[in-house]
Amino acid sequence: MIKVLRYLKQIKSDIILSLVFVVLSQLSSLSLPLLMSLIINNGIANADLQFIKNIGAIMAAISALHVVLSVFNSYYTSKTSAGYGKILREDLFLKVESLSQIDIEKIGTPSLITRCTSDVKVMQDFILMSLRIIISSPIMLIGGTIMAVILNPKLALTILAVFPIIGIIVAIVLKTVIPIFKKRQKMTDEVNRFLRQKLSGIRVIKAFNTINKEDDIFSEKNQRLSFLVLKLQRIMSVLIPVCIVLVVVALDTIIFIATKNIDTLSDPVKIQNTVGDLQAFVIYMIMIVAAVTMSAAMFVIVPRANISAKRIKEILELESQIKDPEVAKDIDNSQKGKVEFENVSFSYEDGENNVLSNISFVAEIGKTTAIIGSTGSGKTTVANLLCRFCDVKEGRVLFGGVDVRELKQKELLSKISYIPQKPVLFSGSIRENLLYGDENASEEKLKKALDISQSSEFVFALENGMESFISQNGTNLSGGQKQRLSIARALVKDADVYIFDDSFSALDFKTDSLLRKALKENLSATVIIVAQRVGTIMNADKIIVLENGKIVGMGKHAQLMEDCAVYREIALSQLSSKEVLQ
Ligand code: DGT
Ligand code: MG
């Protein structure tokens, strides 16, 4: 909890102002019942109109002051809690961004989303309630009790009876509520996970006609979540009426004791005094009970915040497996754009099954190196290791002559332009998506990137051209259009190495060949092309053939056709004998 709360340091001035206004507004309200009793005891009893007017004026002034102070109190407490939420969310987002693929897999994307949103909201509410309740309750409690004792010590004794009863209720609630809160948070994660996965695959669900089945699974999860929420609400709702009953009982007791006193009094002035005291006393009593009840609410809010703080802390403390070196090296200028894998082995989990084993190759400066292999052979993993999305288990990956682990990640990634296998576009205009590659790119550069990626034709056929809107993940574009735009975005970035991970798979043969021709003419950097189609890569300077994470062949097309059985098999299954000989 403390680690998550240390962000409060950054909004110190707002906290101080909140506290000042909370204290002042509470203090100002404490004096009102006393003044009221003065009016009844002295003003009305003695029929002193001037006294009533004077005290009345003071009361009006204090009330007005109280209203103003309360407004400031609300403003600054809200500002503090909103500011805290903002700082915490920002830091969490930065942290999540710095995590490696494997770290993210550990917690899971849906849980990360819940932790960055609803858990932060819980903390935000906790700050708000703490400032309003933790500070004001003791003032109301202690202040109210002192005032009540000053007024009438005998009556004040009745207050004591209420505390143990409330204490027992709080203890019961705590024991039952906290485990349910924990379960509820877990269940929310699960519902989020389910929704995220299923919503992103809604087309598949429809195509396979499994909507009813998914509905049933969701209903069951939803039912469990709503059951927990309902259970919580039930317990919470018991607390409030019980407290109200207690207040009523306490007030009845006070009135009972007081009226007994009045019965024994014969002097009308004394009766008047008792009425004044009683009236003020009842208000102090309400204040005290309200303070205790609000503190009881804190017993629910604090453990709940504690659970959320733990979940947030887990992310904040997550040590990213991919860290910048303490002393970073610079890329060797003479080897700019050179990529080298030296005996690299890798597995995603700690298990023994290596996804890549003993991979060694060099992608020469300015040359095209292709990686081909059946699905699951480890092609994307090679790209992941080069971008340092994960770290090798054995061996080294060298970029520009330096081990990627000795480079600053920012420096490394600024030199690589990567087109992921699954094209990811963000909601916004086509221009905004292209500028993601380089925010300062000129109009000419954007157009050139669209030209090379063979996107110009369809982009400028759209009514708004480059300003046309792309929905999230590019759902309003075809698979091939998405691929071409993600290639264009990568081309807008000036890099030493361009990695195309199966980026031509959704293109027809003609576009594929036009695109490759344009790339060859316009790109002088090192190019790494991952592909499944031999036609896409047969002209590459070097072809690496992967099979089950091992290199089974390396060389040019003609050479591999002769001495690599795996390559020959792939080629013959895709190309006619005439094409093979090209
Ligand atoms: P593709 O794209 O279907 O042609 O296949 P490749 O060659 O790109 O294969 P790759 O590198 O994606 O996967 C190689 C193996 O690693 C495969 O058995 C699945 C596994 N794998 C890939 N990505 C992940 C990941 O993010 N986490 C885990 N645990 N395993 C992964
Ligand atoms: Mg792949």
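Just so you know, these numbers come straight off a predicted model, no measurement behind them.

Draft legend 1. Inspection of the coordination of the magnesium ion (ligand 2) at higher detail. Distances from the magnesium ion (ligand 2) to its protein donors, Thr-380 (OG1) and Gln-421 (OE1), fall at 1.9 to 2.2 Å. Of this pair, Thr-380 sits in helix α11 (residues 379-386) while Gln-421 sits in the loop between β6 (416-419) and β7 (428-429), and the two are 41 residues apart along the sequence. Its relative accessible area of 25% is what places Thr-380 among the partly exposed residues. Of the residues examined, Gln-421 reaches a relative accessible area of 38% and is grouped as partly exposed.

Draft legend 2. Representation of unusual backbone geometry within the structure. Despite not being glycine, Arg-388 shows a phi value in the positive range, around 60°. Note on placement: Arg-388 falls in the loop between α11 and β4 (394-399). Within the chain, Gln-454 stands out as a residue other than glycine whose phi angle is a positive 60°. Looking at the secondary structure, you find Gln-454 in the loop between α14 (443-452) and α15 (456-461).

Draft legend 3. Quick look at helix α6 (residues 118-151). The first and last C-alpha atoms of α6 sit 47 Å apart over 34 residues, in line with the 50 Å expected at 1.5 Å per residue. For α6, the principal kink sits at Ser-130 and spans about 35°.

Draft legend 4. Region of interest: the domain arrangement of the protein. Here the protein is partitioned into domain 1 (2-316) and domain 2 (417-494). The C-alpha centroid of domain 2 is placed 51 Å from the C-alpha centroid of domain 1.

Draft legend 5. Structural detail: the site of ligand 1. Of all residues adjacent to ligand 1, which total 15 residues, the nearest are Glu-349, Lys-379, Thr-380, Thr-381 and Gln-421. One of the side-chain nitrogen or oxygen atoms of Tyr-348 is found 3.4 Å away from a nitrogen atom of ligand 1. Taking Gly-376, its main chain carries an N or O atom lying 2.9 Å from an oxygen atom of ligand 1. Counting only elements with at least two residues in the shell around ligand 1, the list comes to α4 (101-107) and α11. Looking at the shell around ligand 1 element by element, the count peaks at 3 residues for α11. When grouped by side-chain class, the residues that make up the shell around ligand 1 number 2 nonpolar, 10 polar and 3 charged.

Draft legend 6. Layout of the sheet that holds strand β5 (residues 402-403). The strand order across the open sheet built from 4 strands is β2-β1-β4-β5, with neighbouring strands paired in antiparallel fashion. The open sheet has two free edges, formed respectively by β2 (356-363) and β5, since each of these has just one partner strand. When strand β1 (residues 339-346) meets β2, the two strands line up antiparallel, connected through 5 bridges. Following the sheet pairing, Phe-346 is matched in β2 by Leu-356. Relative to β1, α11 is tilted by about 115°, and along the sheet it contacts β1, β2 and β4.

Draft legend 7. A look at α11. Of all 8 residues making up α11, 7 are buried, and the element is well covered by its neighbours. The complete set of buried residues in α11 reads Lys-379, Thr-381, Val-382, Ala-383, Asn-384, Leu-385 and Leu-386. Positive backbone phi, approximately 60°, marks Arg-388, located one or two places after α11.

Draft legend 8. Structural view of the nonpolar core. With 48 residues, the main nonpolar core has Leu-485, Phe-500, Ile-543 and Tyr-567 as its most contacted residues. Looking at this core element by element, the count peaks at 6 residues for helix α16 (residues 479-492).

About the cut-offs
- Residues numbered from 1 in each chain as written.
- Chains lettered and ligands numbered in written order.
- Predicted model: local features only at pLDDT ≥ 70, side-chain atom pairs only at ≥ 80, totals over all residues.
- Heavy atoms only, no water.
- Donors = N, O, S within 2.8 Å, 3.2 Å for Na, K, Ca; no water.
- Helix = DSSP H or I, 4+ residues; strand = E, 2+ residues; numbered from the N terminus.
- Buried < 20%, exposed > 50% of the residue type's maximum accessible area, 1.4 Å probe, protein only.
- Expected span 1.5 Å × (residues − 1).
- Bend = angle between axes of the 7 residues up to and from the residue.
- Domains from an automatic or database assignment.
- Near = heavy atom within 4 Å.
- Polar contact = N/O pair within 3.5 Å; in protein donor to acceptor, adjacent residues only side chain to side chain.
- Nonpolar A, V, L, I, M, F, W, Y, C, P; charged D, E, K, R; others polar.
- Pairing = 2+ DSSP bridges.
- Contact = heavy atoms within 4.5 Å.
- Axes fitted to C-alpha atoms, helices over the stretch in contact; angles between N-to-C directions.
- Core = buried A, V, L, I, M, F, W, Y, C linked by side-chain atoms within 4.5 Å.

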